[in-house]
Amino acid sequence: MAKQPARQRSQLPNCYYEGYLEKRSFKDKTSRKLWTCLCGNMLFFFNEKRDTNYIEKLDLSGLISVTDDSSQDRKLHAARLILKMKDGNVKFTIPNTEARELWKGYILSVTELSVPSSLNLLPGQIHMLKEAVEKEKERLKNVPPPADTSSHYISLQADMPACYHVVSRLEAELLLEKEAKRGNLLLRPRNDGTFAVTTRQDHEGSIFKHYRVNRKHEGGFVIDVDNPVPCTTLHDVINYLVEKTDGVLIPLIIEEPYEKNISFIWSDNENGERSVQHAPSNLVLPSVPPKPVAPRIPTPEPVPALVIEEDSCLYEMMEKDIESEDSSATSELDKKTPKKAILPPTPAPRKLTLSTSPSSSSSSTKSELRLRTHSDPLAQTITELKLKLEQKAKCEQ
């Protein structure tokens, strides 16, 4: 629950139900009678029915339960209703029990997107609740998704303004009071995922002011004042506040000290003494070895396809190549196997027969000489030797 600057009623979502309610929360000291409108999943409160600007709103997305309050009211016909929220309870006083059932039905139907079956309502009223559920479903289809609070822009302090400090409302006031000489404006987060700007100024004492910075559905931010100020980034929010105040507001930037030299604590193993040593500033960085280059493998050229033509000459050339390959293979085989020496044939020894008739022997010897001369080249020599031996034998007789 929070107070809201004036907004036009025409900018609100479709109104499903409205009427006067007496509202009281844990922050309110007394009950207030306000004109209440259920628009979307939020309750908007107006001072009067004819007002066009609401003064407060209650987001029902944090609703836990809706229960009846059976305690007696000073008004005999009045009924009470308790909305249990995440941040506390809100009590409503409704003119009668019938109106309480209808309010409870609309609130549960819109938040749960279904008509509860435990209500005591008329068929026509149940039909109205079903229509409200269908309208709410259609409305939610066109609502952009909520901003991602875990994005780098929100989570990383490097992307935030330098005056961004993760502190609460009270801690922000104490920090600005303590660091008054450094600045008087800071940006801080809120519990609901939005942001706030806290300022401090001196005027008969410290005056603190807090400004809410909401997210826009279409992206960006808006400073939530009477005339809302849209900004693209949180940096633009800070720049706008500084420029519009002529530099009176100064962002609080606290820079933490950093060391200028590299030092370390060194221990002496001999005497056990420890001392602070400073690293030399003229360190030579090791050279990085060159990155190995992979050897380039040449790409083989494609072998052109052979085109065989039906030609007689080509067939003859192929046959000759095959024959030459066979002959070369044979010659190589011959070279590898050792050859044996070829000797002339040895003639078989023949027996000499002596004939009594010299005439027949001479005639036979001559005829035999002729035959051997033609058939064997050595026969002539052998025959001549035989003749000489025969003549020598005759002489000795």
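Scoring rules and cut-offs
- Residues numbered from 1 in each chain as written.
- Predicted model: local features only at pLDDT ≥ 70, side-chain atom pairs only at ≥ 80, totals over all residues.
- Heavy atoms only, no water.
- Helix = DSSP H or I, 4+ residues; strand = E, 2+ residues; numbered from the N terminus.
- Buried < 20%, exposed > 50% of the residue type's maximum accessible area, 1.4 Å probe, protein only.
- Pairing = 2+ DSSP bridges.
- Axes fitted to C-alpha atoms, helices over the stretch in contact; angles between N-to-C directions.
- Contact = heavy atoms within 4.5 Å.
- Phe/Tyr/Trp six-rings, centres within 6.5 Å; stacked < 30°, edge-to-face > 60°.
- Lys NZ or Arg CZ within 6 Å of the ring centre and 35° of its normal.
- Salt bridge = Lys/Arg side-chain N within 4 Å of Asp/Glu carboxyl O.
- Arc of directions from axis to C-beta.
- Core = buried A, V, L, I, M, F, W, Y, C linked by side-chain atoms within 4.5 Å.

Enquirer: What's the story with the environment of lysine 181 in this structure? I'm lost.
Expert: Here lysine 181 lies in the loop between α4 (169–178) and β9 (185–189). Residue lysine 181 is classed as exposed on the basis of its relative accessible area of 88%. C-alpha of lysine 181 to C-alpha of isoleucine 250: the two residues are 69 residues apart in sequence and 9.9 Å apart in space.

Enquirer: Which parts of the structure should I look at to understand unusual backbone geometry?
Expert: It is generally the case that most residues other than glycine have a negative phi and that most peptide bonds are trans. A positive phi is found at leucine 113, a non-glycine position, where the angle reads about 55°. Here leucine 113 shows up in the loop between α1 (97–112) and α2 (123–142). Since its relative accessible area comes to 28%, leucine 113 is described here as partly exposed. The phi torsion at glutamate 204 lies on the positive side, around 55°, for a residue other than glycine. If you trace the backbone, glutamate 204 turns up in the loop between β10 (195–202) and β11 (206–215). Take glutamate 204: its relative accessible area is 84%, and that puts it in the exposed class.

Enquirer: Explain the sheet that holds β10 to me, please; I cannot follow it from the model alone.
Expert: Through backbone hydrogen bonds, the strands of a sheet pair up, either in parallel or in antiparallel fashion. Taken together, five strands build an open sheet; the order of strands is β9-β10-β11-β12-β13 and the sheet is antiparallel. Single-partner strands in this sheet number two, and they are β9 and β13 (229–231). When strand polarity is set aside, the average angle formed by the axes of neighbouring strands in this sheet is 30°. Where β11 and strand β12 (residues 221–223) come together, three bridges link them in antiparallel fashion. Its bridge partner being in β12, asparagine 214 is matched across the sheet by valine 222. The strands touched by helix α5 (residues 234–244) within the sheet are β9, β10, β11, β12 and β13, with β12 carrying the most contacts at an inclination of about 25°.

Enquirer: In this structure, what is going on with the pairing of strand β8 (residues 88–94)? I would like to understand it.
Expert: Look at any regular strand and the pattern is simple: side chains alternate between the two faces of the sheet. Taken together, the seven bridges between strand β7 (residues 79–85) and β8 define a ladder with antiparallel strand orientation. Of the residues in β8, the one forming a bridge with methionine 85 is glycine 88. Here β7 folds back onto β8 in antiparallel fashion, the turn holding two residues.

Enquirer: How should I be thinking about the packing of aromatic side chains in this particular structure?
Expert: Two numbers describe a pair of aromatic rings. These are the distance of the centres and the angle of the planes. Enumeration over the complete set of coordinates arrives at eight aromatic pairs. Centre to centre, the rings of phenylalanine 44 and tyrosine 54 are 4.8 Å apart; their planes meet at 70°, and the pair counts as edge-to-face. Here tyrosine 54 lies in the loop between β4 (42–46) and β5 (56–59) and phenylalanine 44 lies in strand β4, a separation of 10 residues in the sequence. A cation over an aromatic ring shows up here: lysine 23 above the ring of phenylalanine 45, its NZ or CZ 5.8 Å from the ring centre. Above the face of the tyrosine 20 ring, lysine 33 is positioned so that its terminal group lies 5.1 Å from the ring centre.

Enquirer: Would you explain the pattern of salt bridges in this entry?
Expert: Oppositely charged side chains are able to pair whenever their charged atoms sit close together. Applying the stated criterion to the full structure yields nine salt bridges. Between lysine 104 and aspartate 68 there is a salt bridge, with the nearest N and O atoms lying 3.0 Å from each other. Of this pair, lysine 104 sits in helix α1 while aspartate 68 sits in strand β6 (residues 63–69); the two residues are 36 residues apart in sequence, bridging distant segments of the chain. Given the relative accessible area of 9%, lysine 104 is considered buried. Aspartate 68 gets classed as partly exposed once you look at its relative accessible area, which sits at 37%. One salt bridge connects arginine 139 with glutamate 136, and the closest N-O pair in it is separated by 2.7 Å. Within this pair, arginine 139 and its partner glutamate 136 are both found in helix α2, separated by three residues, close to a single helical turn. There is no split in this pair, since arginine 139 and glutamate 136 are both buried. Sharing partners across several salt bridges, the network here consists of Asp68, Arg100, Glu101 and Lys104.

Enquirer: Looking at this structure, how should I read α5?
Expert: Working note: α-helix, 3.6 residues per turn, so residues spaced by three or four point in the same direction. Considered for burial, the residues of α5 that qualify are Leu234, Val237, Ile238 and Leu241. The arc that holds the buried residues of α5, viewed along the axis, is 90°, so those residues lie on one side. Relative to its buried face, α5 has exposed residues pointing more than 90 degrees away, namely Glu243 and Lys244. At the C-terminal side of α5, aspartate 246 shows a positive phi close to 55°.

Enquirer: Would you explain the nonpolar core in this entry?
Expert: Counting residues in each nonpolar core, the largest one holds 28 residues, and the members touching the most others are Leu43, Leu58, Leu83, Phe92 and Tyr106. Going through the elements one at a time, β2 (15–25), β3 (32–39), β4, β6, β7, β8, α1 and α2 are the ones with two or more residues in this core. Counting residues per element, this core draws most heavily on α1, at seven residues. With sequence-adjacent residues up to four places away left out, leucine 43 is seen in contact with Thr36, Cys37, Leu38, Glu56, Lys57, Leu58, Leu60, Leu83, Phe92 and Trp103.

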